[in-house]
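Topology and contacts: notes
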Amino acid sequence: MNTLSFGSPAMLWGLLLAAVPIIIHLLFRRRFRRIDWAPMHYLKISIQRNRRRIRLEQLLLLLLRTALVLLLFFLVSRPMMHAAGLGNWLGGRSRTSHLVVLDDSLSMGFRDAGRSAWRQAQELATKLVETIGPKDRFTLVLASQPKSPLLGDVELTNRDETARLIADLQPSETFVAWAPVFEQADKLLNAGAYPIRELTVITDLRRAGWEDSLDALGSRWDGQQLKMRIFNVGSQQTGNALLEELKQVDRLALVGQPVQFEAVVRNATDHALDALDANWTIDGKPSVVRLPAMAPGETAKIPLAAAFQEPGAHHVEFELPQDDLPGDNRRWAICQVREQVHMLLVDGEPSSEPLAGEIDFLALALSLGVGEADAFRVQIVTDAEWSSLPPTPPDLLVLTNVAGLTPEQAERLERQVEQGMGLMIFVGDQIDPTNYNQLLGRLLPAPLEV
């Protein structure tokens, strides 16, 4: 921010007119031919005595005329003095609230000549710390966590410690939307200790995250006592192979059974990718997966498989070869493996005859999936037996033509569904719609009708 600025700088050309009184003064300083005349002798003595006073009066008059012209055009050009510059004029540096925002988004990991934009941002932030005045206030914020400043409106009593803090920071490798970042920055600046505020943003200026909604905030800042600086540490590198997704295709993972996964890889470079080897890691044990050839801009879906011999949570990870942006080369997932799936079938109208009950055909179809390991445990009970079972929920509960529920049963069902149990309800001629609508209204996708 300049110390002094002008609302109408073009009017400053009028200052040249201040030379007019000086030119007139010089033109009238003509030398006359001297003639000695006796009566003028005493007058000459009087003039010599007052010469110094007359010269001083003429000089003061000349300066006054010139100053009037200068002042006239100076005021017409509308000078504006800023508080920061005024503080410097008055013999000291004005105290300022400094806010530095570090962009730690995924794109900051792009490397150019072996150095990432994030590393350059750290070095620049460290240099900025050295310029902060001893009485100034300093706030440091990561763009991914604008509501949690690393340093909040503090005096930098130990600059070496602040430099170490910046050097130890790691990028978040996430997407950053700048609108909420600047909204929070505005709140932090308004809460600063001093009215003179300075905002510094260190970013790679990638297009993602910069939205039109920032215009309103920019208009509000325009005209305020705020100095804003944006440092671009980004490179021209944009090509990159990225792993967009790693997902589990099979919804159910059982011990000893192959589980299908899928990795989605996109070639965002300007050249074809061929014969690249990626790593597929299962519980810390890596294996090599050859990627298919991909043209520029092409996306490929890579099928993957894993088999687990123990129940519980298992870690899987897929990683692409290293490139200029390593932050999007790796994704991982947790696979919950079950030893057995317990399905409880409640028959509301059981029958002693084969395949005559409400649940018999469904139970037969589910039983066909039982293998040697007995991964599916199908249990069939009547509605009366269901009421006396232990409260431990099954993985799937199927109610078939069960006439009605008690308030206690309905409450237990809601609690078990919230904990992850699956619930299927098959209606029949015994169903009481009013009972279900009143007691299970929150679980039903739509009210039951007669």
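Since the model is a prediction, treat every value here as computed from it, not as a measurement. (Residues numbered from 1 in each chain as written. Predicted model: local features only at pLDDT ≥ 70, side-chain atom pairs only at ≥ 80, totals over all residues. Heavy atoms only, no water.)

1. A word on the overall build of the protein
Put simply, the rule reads: Helix and strand definitions follow DSSP, with helices as H or I runs of at least four residues and strands as E runs of at least two, each counted in order from the N terminus. In this scheme, a residue with accessible area under 20% of its type's maximum is buried, one over 50% is exposed, and one in between is partly exposed, where area comes from a 1.4 Å probe on protein chains only. By definition in these notes, contact holds between two residues if any of their heavy atoms fall within 4.5 Å. In this description, accessible areas are obtained by the Shrake-Rupley approach with a 1.4 Å probe, and a residue is regarded as covered only by the protein chains that are shown.
For the protein, the count of helices and strands is 12 helices and 21 strands. For the protein, the residues scored as buried account for 34% of the 450 residues in total. In the protein, 73% of the contacts between residues at least 6 apart in sequence involve partners at least 24 apart. Counting only carbon and sulfur atoms, one obtains 55% of the accessible surface of the protein, whose full area is about 27,700 Å².

2. Some words on the confidence of the model for the protein
Using the following cut-off: Per-residue confidence from the predictor is given as pLDDT, running between 0 and 100.
Chain-level statistics for the protein give a pLDDT mean of 82 and a share of 80% at 70 or above. Low pLDDT (under 50) marks residues 81–92, which in the prediction has 20 contacts with non-local residues, meaning those over four places away or in another chain.

3. What to know about the packing of helix α5 (residues 117–131) against helix α6 (residues 159–167)
Heads up, the rule is: To get an axis, a line is fitted to the C-alpha atoms, and for a helix only the part in contact is used. The angle between two axes follows their N-to-C directions and goes from 0 to 180 degrees. What sets the label is the angle itself: under 35 degrees gives roughly parallel, over 145 gives roughly antiparallel, 65 to 115 gives roughly perpendicular, and the rest give oblique. Crossings are classed by handedness, with left-handed meaning an anticlockwise turn of the near helix from the far one by less than a right angle and right-handed meaning a clockwise turn. All residues other than Ala, Val, Leu, Ile, Met, Phe, Trp, Tyr, Cys, Pro, Asp, Glu, Lys and Arg, Gly among them, are scored as polar; the first ten of these are nonpolar and the last four charged.
Relative to each other, α5 and α6 sit at 165 degrees, their axes nearing to 9 Å. Overall, the two elements α5 and α6 adopt an arrangement that is roughly antiparallel. Note that α5 runs across α6; the crossing there is right-handed. Residues Q122, A125, T126, V129 and E130 of α5 pack against R159, T162, A163, I166 and A167 of α6. Residues that form the contact of α5 with α6 fall into these classes: 5 nonpolar, 3 polar and 2 charged.

4. Side note on the nonpolar core
Heads up, the rule is: We define the nonpolar core as a collection of buried residues of types Ala, Val, Leu, Ile, Met, Phe, Trp, Tyr and Cys that are connected through side-chain atoms lying within 4.5 Å of one another.
Of all hydrophobic cores here, the largest spans 26 residues; its most connected members are F261, W280, I302, L304, F308 and F318. For this core, the secondary-structure elements that each account for two or more residues are β10 (241–248), β12 (259–267), β13 (277–282), β15 (299–306), β16 (312–319) and β17 (330–338). A117, L124, F138 and L169 belong to the second largest nonpolar core, which has 20 residues in total.

5. What about the environment of E358?
Among the secondary structure elements, E358 is positioned in the loop between β18 (341–347) and α9 (360–367). E358 sits 10 residues away from G348 along the chain, and the two C-alpha atoms are 6.9 Å apart. Non-local contacts of E358, meaning those with residues more than four positions away in its chain, are made with D347, E349, T400 and N401.

6. Points about the pattern of salt bridges
Charged atoms that come close allow side chains of opposite charge to pair. Which entries qualify depends on this criterion: Any carboxyl oxygen of Asp or Glu within 4 Å of a side-chain nitrogen of Lys or Arg constitutes a salt bridge here.
This structure, assessed with the given rule, holds 10 salt bridges. Taking the shortest distance from any N to any O, the salt bridge between R266 and E244 comes out at 2.5 Å. Taken as a pair, R266 in strand β12 and E244 in strand β10 lie far apart in primary sequence, 22 residues in all. Taking the relative accessible area as the measure of exposure, R266 reaches 29% and is therefore partly exposed. Counted as one network, the salt bridges with shared partners bring together R115, R119 and E123.

7. Here we look at the side chain of D103
To be explicit about the condition: What qualifies as a polar contact is a pair of N or O atoms within 3.5 Å, subject to a donor-acceptor requirement within protein and to the restriction that residues adjacent in sequence count only when both atoms come from side chains.
Looking at the secondary structure, you find D103 in the loop between β3 (97–102) and β4 (111–112). Assessed through its relative accessible area of 2%, D103 is described here as buried. Within the structure, D103 has its side chain in polar contact with the side chain of S105 (distance 2.8 Å).

8. Focus: the environment of T392
Within the secondary structure, T392 sits in the loop between α10 (383–387) and β20 (396–400). On the accessibility criterion, T392 (63% relative accessible area) is exposed. Put simply, T392 and Q416 are 24 residues apart on the chain and 8.8 Å apart in space, counted from C-alpha to C-alpha.

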